[in-house]
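# Understanding the architecture of this molecule
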Amino acid sequence: MRIPKGGRTWGEISKGLRGFEKASFMDPTGREKQLQHLYALSGTPELRAIVDGAFQIFLDSNASYDTEHGVLEMEREVVSMLADLWGLSSGVGHMTSCGTESNILSLYAARKLSKRKGGSVVLPSTAHMSLFKGCEYLGLKPIVVPVDDHFRAVPGAMERAVTKDTVAIAATAGNWAWAQIDPIEAIGKIAEEHDVYFHVDAAYAGFLCSFLKGSEFDIPPFDLSVKGVSSMSSDPHKNGYAPFPAGAIVFRDKELQRAAAYSTPKFLGYEYETPGLIGTRPGYSIAATWAIMNYLGVEGYTKLSRKAMRMTMEFIKGVSDIPGLRPSTIPKLNFATACSLEIDMDRVKATLKRKGWLFYDQIGPRKTRENAIVAAILPDREEVYPRFLDDLRAASK
Ligand SMILES: Cc1ncc(COP(=O)(O)O)c(C=O)c1O
């Protein structure tokens, strides 16, 4: 393929874009059978308008320039709001491009602080793949600790895995695909006792679960209010309702944040410090996140988060009502599973895929909880789930 010689008109281009949109399942028809879209913004015209506005103003801003005072101030405000939400009066940190970048960065900071070139990272077997990716990039050895029957990390086993060369412990608040929160307080104590860096990956839970406090879905502390936690990350582009690419990481103190930054070697002849993995940083992502957080406020987030959880519980009930089916776990956040100990789920999945349904396929041995359909439950998609449950019931006969 070649770049078109004379360029095309906007009319032609927009027609092309609409075609690609259809093929991406982002248009209203595709979305009717879409259960694997965990990024909550897309169907909400009201939020889209806010993001559009922020994008227009900050489209050509690069947050890596220290002259971008306005964007950097918005970033400080986003981080400060998140630190406050997660139990710190003065957290420091910055926005990243995604949960993957935040996780890798935490390992980079931990390794730098340990002053080792290598070392190990202790993490539960349900940790996100990006932490394994980080270990691979940074020459660290992942020590994978099996989880319990509820798909949660086992603090005693994690502690036994810590050795002299351990540079970090990582755990998850909202693990994939089981939607469970690891026992962060108990692991935090272990990190303190062994004086090891502890990162909490709360990519999904950091927003949603913070706004469930005091509700019927409340969960034990999982954030920076736990003393042993060194850093915590969560993605505005997930349950924060911001557009991609928007991740965020908050460090307990400045020293930890400094360890995550990288500055130019002197001989290159210019001064340039990047807080994360990427160089050019889109200012519009920061602006859009700032705009959404200010637009929704605590009340907006609380309403959406609780609605998402109520819908998740309804979905779980719907699954349990189907003969032979059950959820793999009772989720602590807004994704839910359907599995079976009697029926061949591979057959059920294939039938649903033929009908056009898109869902996450958790691959595991047949007739175990590990072989499951995973559905993202978004508060603006109420009409989708009952239709899916009807088809799920029919497919499992
Ligand atoms: C627990 C957890 N951490 C990190 C990530 C990575 O997020 P991203 O895809 O934004 O890099 C995910 C994504 O699914 C996740 O589930």
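Since this is a predicted model, take the numbers as computed values, not measurements.

### Focus on the overall build of the protein
Helix and strand counts for the protein stand at 13 helices and twelve strands. Here the C-alpha atoms of the protein give a radius of gyration of 22 Å, agreeing with the 21 Å that 2.2 N^0.38 yields for 397 residues. Considering only C-alpha atoms, the protein reaches an extent of 65 × 65 × 45 Å along its principal axes. Among the 397 residues that make up the protein, the fraction classed as buried is 53%. By sequence separation, contacts in the protein at least 24 residues apart represent 70% of the contacts at least 6 residues apart.

### Regarding the side chain of Ser231
Residue position: Ser231 is located in strand E6 (residues 231-234). Its relative accessible area of 0% is what places Ser231 among the buried residues. Not counting residues up to four positions away in its chain, the partners in contact with Ser231 are Ser106, Tyr197, Phe198, His199, Val200, Leu224, Ile249, Val250 and Phe251.

### Section: the pairing of strand E7 (residues 247-251)
Of all five residues that make up E7, five are buried, and the element is covered over most of its length. Alternating positions in E7 separate into two faces, Gly247, Ile249 and Phe251 on one and Ala248 and Val250 on the other, with burial throughout. Strand direction decides the pairing type here: strand E1 (residues 92-96) and E7, joined by five bridges, are antiparallel. Bridging from a neighbouring strand, His94 pairs with Ile249 of E7. Pairing of E6 with E7, which is carried by four bridges, proceeds in the antiparallel orientation. Counted as the bridge partner of Ser231 is Phe251 from E7.

### Description of the packing of helix H12 (residues 345-354) against helix H13 (residues 384-395)
Relative to each other, H12 and H13 sit at 130 degrees, their axes nearing to 9 Å. Taken together, the axis directions place H12 and H13 in an arrangement best described as oblique. Considering how the two elements wind past one another, H12 and H13 form a crossing that is right-handed. Taking contact as the criterion, the partners of Arg347, Val348, Thr351 and Leu352 in H12 are, on H13, Phe388, Asp391, Leu392 and Ala395. Residues belonging to the contact of H12 with H13 are distributed by class as follows: five nonpolar, one polar and two charged.

### Describing the site of the ligand
By nearness alone, 14 residues border the ligand, and Thr100, Asp201, Tyr204, His237 and Lys238 come closest of all. Residue Tyr204 places a side-chain N or O atom 3.4 Å away from an oxygen atom belonging to the ligand. In the model, an oxygen atom of the ligand is placed 2.9 Å from a nitrogen or oxygen of the His237 side chain. Residues belonging to the shell around the ligand are distributed by class as follows: four nonpolar, seven polar and three charged.

### Here we look at the pattern of salt bridges
Side chains that differ in sign of charge can pair as their charged atoms come close. According to the stated counting rule, one finds 15 salt bridges in the structure shown. In this structure, the salt-bridge partner of Lys353 is Asp361, at a minimum N-O distance of 2.9 Å. Using a relative accessible area of 43% as the deciding quantity, one classes Lys353 as partly exposed. Several salt bridges converge on common partners, so that one network encompasses Asp344, Asp346 and Arg366.

### Quick look at the side chain of Thr368
If you trace the backbone, Thr368 turns up in the loop between strand E11 (360-362) and strand E12 (372-376). Within polar-contact distance, the side chain of Thr368 engages the backbone oxygen of Pro365 at 2.7 Å. Once you skip the residues sitting within four places of it in the chain, Thr368 turns out to touch Cys339, Ser340 and Leu341.

### Some details on the domain arrangement of the protein
Taken domain by domain, the protein consists of domain 1 (15-44 + 299-395) and domain 2 (51-295). Facing the 28 residues of domain 1 at the interface are 35 residues of domain 2. Carbon and sulfur atoms make up 69% of the surface buried where domain 1 meets domain 2, a total of about 2,800 Å² over both sides. Here domain 1 and domain 2 share ten residue pairs in polar contact (both at pLDDT 80 or more) between them. Elements that contribute at least two residues to the side of domain 1 that touches domain 2 include exactly helix H11 (283-320), strand E10 (335-338) and E11.

### Digging into unusual backbone geometry
Between Trp176 and Ala177 the backbone carries a cis peptide bond, its omega angle lying at 5 degrees. Relative to the assigned elements, Ala177 resides in the loop between strand E4 (166-172) and helix H8 (184-194). The phi torsion at Phe151 lies on the positive side, around 65 degrees, for a residue other than glycine. The topology assignment puts Phe151 in the loop between strand E3 (141-145) and helix H7 (155-161). Given the relative accessible area of 6%, Phe151 is considered buried. One non-glycine residue, Ala179, adopts positive backbone phi at about 55 degrees.

### Quick look at the environment of Phe244
You can see Phe244 is positioned in the loop between E6 and E7. On the basis of relative accessibility, which here comes to 46%, the residue Phe244 falls in the partly exposed class. Between the alpha carbons of Phe244 and Tyr284 there is a distance of 10.0 Å; along the sequence they are 40 residues apart.

### Focus: the packing of aromatic side chains
Here the structure, examined in full by the defined rule, presents 13 aromatic pairs. Ring geometry for Trp176 against Tyr204: centres 6.4 Å apart, planes inclined by 35 degrees, an arrangement best described as tilted. With Trp176 in the loop between E4 and H8 and Tyr204 in the loop between strand E5 (197-201) and helix H9 (205-208), this pair connects stretches of sequence that are 28 residues apart. You can call Trp176 partly exposed: its relative accessible area is 26%. Residue Tyr204 is classed as buried on the basis of its relative accessible area of 11%. Ring centres of Phe207 and Tyr301 lie 5.7 Å apart, and the angle between their planes is 45 degrees; on these two criteria the pair is classed as tilted. On the criterion of sequence distance, the pair formed by Phe207 in helix H9 and Tyr301 in helix H11 is long-range, its members being 94 residues apart. For the pair formed by Phe207 and Tyr301, the shared burial category is buried. Among the aromatic residues, those joined into a ring-pair cluster are Phe315, Trp357, Phe359, Tyr385 and Phe388. Lying over the aromatic face of Tyr204, Lys238 brings its terminal NZ or CZ to 5.1 Å of the ring centre.

Thresholds applied
Residues numbered from 1 in each chain as written. Predicted model: local features only at pLDDT ≥ 70, side-chain atom pairs only at ≥ 80, totals over all residues. Heavy atoms only, no water. Helix = DSSP H or I, 4+ residues; strand = E, 2+ residues; numbered from the N terminus. Rg over C-alpha atoms; globule rule 2.2 N^0.38 Å. Buried < 20%, exposed > 50% of the residue type's maximum accessible area, 1.4 Å probe, protein only. Contact = heavy atoms within 4.5 Å. Pairing = 2+ DSSP bridges. Axes fitted to C-alpha atoms, helices over the stretch in contact; angles between N-to-C directions. Parallel < 35°, antiparallel > 145°, perpendicular 65-115°, else oblique. Left-handed = near helix turned anticlockwise from the far one by under 90°. Nonpolar A, V, L, I, M, F, W, Y, C, P; charged D, E, K, R; others polar. Near = heavy atom within 4 Å. Polar contact = N/O pair within 3.5 Å; in protein donor to acceptor, adjacent residues only side chain to side chain. Salt bridge = Lys/Arg side-chain N within 4 Å of Asp/Glu carboxyl O. Domains from an automatic or database assignment. Buried area = accessible area lost by both parts, 1.4 Å probe. Phe/Tyr/Trp six-rings, centres within 6.5 Å; stacked < 30°, edge-to-face > 60°. Lys NZ or Arg CZ within 6 Å of the ring centre and 35° of its normal.

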